[in-house]
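# Summary of the model geometry
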There are 2 protein chains.
Amino acid sequence: MKTSVFCAASIDGFIAKADDDIDWLKPYENDPHRFEEFFASIDAVVIGRRTFEVVLKFGSWLYTKPVFVLSSSLKELPKLPKRAVCELINAEPGDVLKQLEQRGFKHLYVDGGITIQRFLSAGLIDRITITRVPILLGSGIPLFGTLPHEAPLKHVETRTYPTGLVQSEYELVR
Amino acid sequence: MKTSVFCAASIDGFIAKADDDIDWLKPYENDPHRFEEFFASIDAVVIGRRTFEVVLKFGSWLYTKPVFVLSSSLKELPKLPKRAVCELINAEPGDVLKQLEQRGFKHLYVDGGITIQRFLSAGLIDRITITRVPILLGSGIPLFGTLPHEAPLKHVETRTYPTGLVQSEYELVR
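Throughout what follows, the structure given in this document is the object of discussion. The shown structure was predicted, so the numbers you read here are calculated from the model rather than taken from an experiment.

Listed by partner, the interface residues are 29 residues for chain A and 30 residues for chain B. Buried surface at the junction of chain A and chain B, summed over both partners, amounts to about 2,400 Å²; 64% is from carbon and sulfur atoms. Summed over the three residues of chain A that lose the most area to chain B, namely Ile11, Leu136 and Glu150 of chain A, the buried surface amounts to 26% of that side. Our enumeration of links across chain A and chain B arrives at 2 salt bridges. With a shortest N-O distance of 2.5 Å, glutamate 150 of chain B and lysine 17 of chain A are connected by a salt bridge.

Spatially, β5(A)-β4(A)-β3(A)-β6(A)-β1(A)-β7(A)-β11(A)-β10(A)-β8(B) is the arrangement adopted by the 9 strands of the open sheet, whose pairing is mixed. Each edge of the open sheet is held by one strand with a lone partner, namely β5 (86-89) of chain A together with β8 (135-136) of chain B. Summarising the sheet, strand β3 (residues 44-48) of chain A and strand β4 (residues 67-70) of chain A pair through 4 bridges and their orientation is parallel. Counterpart to glycine 48 of chain A in the pairing with β4 of chain A is leucine 70 of chain A. In the packing of helix α2 (residues 49-57) of chain A onto the sheet, the strands contacted are β3, β4, β5 and β6 (107-111) of chain A, and the crossing angle to β3 of chain A comes to about 105°. The sheet contacts of helix α4 (residues 113-121) of chain A involve β1 (2-10), β3, β4, β6, β7 (127-133) and β11 (166-172) of chain A together with β8 of chain B, and relative to β6 of chain A the element is tilted by about 125°.

Structural alignment of chain A on chain B gives an RMSD of 0.0 Å, achieved by rotating through 180° and translating 0.0 Å along the axis. Those values place the two copies in the arrangement expected of a two-fold rotation axis. Considering only C-alpha atoms, the residue of chain A closest to the rotation axis is glycine 13 of chain A, which sits at 3.5 Å.

Below, the discussion takes up the pattern of salt bridges. Residues and elements named next belong to chain A. Under the definition given, this model contains 24 salt bridges over all chains. A salt bridge links glutamate 92 to arginine 118; the nearest nitrogen and oxygen atoms lie 3.6 Å apart. Pair noted here: glutamate 92 is in the loop between β5 and α3 (93-102) and arginine 118 is in helix α4, with a separation of 26 residues, a long-range link.

For the rest of this paragraph, the subject is the sheet that holds strand β7 (residues 127-133) of chain B. Two modes of strand pairing occur in sheets, parallel and antiparallel, and in both the strands are linked by backbone hydrogen bonds. Strand order in this open sheet of 9 strands is β8(A)-β10(B)-β11(B)-β7(B)-β1(B)-β6(B)-β3(B)-β4(B)-β5(B), and the pairing throughout is mixed. In the strand order of this sheet, the two ends are held by β8 (135-136) of chain A together with β5 (86-89) of chain B, each with one partner. Bridge count between strand β1 (residues 2-10) of chain B and strand β6 (residues 107-111) of chain B: 3 bridges; the pairing is parallel. Within β6 of chain B, the residue paired with threonine 3 of chain B across the bridge is leucine 108 of chain B. Contacting β3 (44-48), β4 (67-70), β5 and β6 of chain B, helix α2 (residues 49-57) of chain B crosses the sheet at an angle of about 105° to β3 of chain B. Where helix α3 (residues 93-102) of chain B meets the sheet, it contacts β1, β3, β4, β5 and β6 of chain B, and its direction lies at approximately 140° from that of β5 of chain B.

Below, the discussion takes up the state of the cysteines. Counted according to the given criterion, the structure contains 0 disulfides over all chains. A disulfide-free cysteine, cysteine 86 of chain A has its sulfur positioned 20 Å from the sulfur of cysteine 7 of chain A, the nearest such atom.

Time to look at α3 of chain A. All names here are of chain A. Residues of α3 that are buried include every one of Pro93, Val96, Leu97 and Leu100, and no others. Axial view of α3: buried residues confined to an arc of 95°, hence all on one face. For α3, exposure combined with an orientation more than 90 degrees from the buried face picks out Lys98 and Gln102. Tucked inside the fold, the buried residues of α3 contact β1, β3, β4, β5, β6 and α4. One or two residues past the end of α3 sits glycine 104, with phi positive at roughly 95°.

Bringing the pairing of β6 of chain B into the picture now. All names here are of chain B. Most of β6 sits inside the fold, with 5 of its 5 residues counted as buried. Alternating residues of β6 divide into His107, Tyr109 and Asp111 and Leu108 and Val110, and every residue in both groups is buried. Two strands pair when backbone bridges link them, and β3 and β6 are joined in this way by 4 bridges, in the parallel orientation. Across the sheet, valine 45 pairs through a bridge with tyrosine 109, a residue of β6.

Calculation rules
- Residues numbered from 1 in each chain as written.
- Chains lettered and ligands numbered in written order.
- Predicted model: local features only at pLDDT ≥ 70, side-chain atom pairs only at ≥ 80, totals over all residues.
- Heavy atoms only, no water.
- Contact = heavy atoms within 4.5 Å.
- Buried area = accessible area lost by both parts, 1.4 Å probe.
- Salt bridge = Lys/Arg side-chain N within 4 Å of Asp/Glu carboxyl O.
- Pairing = 2+ DSSP bridges.
- Helix = DSSP H or I, 4+ residues; strand = E, 2+ residues; numbered from the N terminus.
- Axes fitted to C-alpha atoms, helices over the stretch in contact; angles between N-to-C directions.
- Least-squares fit on C-alpha atoms with pLDDT ≥ 70 in both.
- Disulfide = S-S within 2.5 Å.
- Buried < 20%, exposed > 50% of the residue type's maximum accessible area, 1.4 Å probe, protein only.
- Arc of directions from axis to C-beta.

The following block contains the structure:
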């Protein structure tokens, strides 16, 4: 079971403003920064409750693959569009991986600040692709949090885009 | 008067561990990542008291250009090596720039977490070169802090190095 993070962050490390606003990403939406290629390579998405709620506000359902929402507080999912394949999971990262592995999933896309941090803390992320957006937000929701240990990374590749995006791909050395 | 930041940071945004340890940078010391070219382009260095104290511990004096130490607590500098050109300044970033401009300096190298953050908050940084080191430190002294405003950046160039360093240069749009 492989796990990947693929996310955009400001130069000062935020993935959203404090009120979850990601409008600052809009100028880059049409930059073909390999998200589609990445999304084609995964077979399930794991997000936290907060990211789930942000995604719901988009109006249309984004994901064309099964989505697992990690939450210890949600008891059931709200009504979702018919084509949404979405399940609630209340488990620790290690157990999430075990459950999804048993169900045949092979490559998980782990997304959302807290969820990424929990998987990183548990040493359960294999690959991180960060697309750095040329802005200092000054405050917001951080991509990274405190980890119980250092984690050396192996730089795989960096790509730059005409809009100023800089995308770096790293493997985690286990 | 031009002001530049040139620093290394972990992927999670730290410039040192919580105890000021920068041993994790040692494997990259001999990577020729343009520090010499950058240092040749500046004519004075502005650092905070904390960075100054870290530099003192190195034993030998690093800087071959005048160094200004920002501090509101230090009353005088300790005894320094003879070749050190070093002065104490107790002033806000804007006043520091005015004073040094009047003295004929044209390009300042602003270094140290808090000092960089204070100059950024005041909108007084023109250029940032961040060298991303392939490691998640998990905790430490952050490069960036809270800013009172967003700051769009213009991506100038990104260079990658065989050791995995990724160096991105940005101009601040004033």
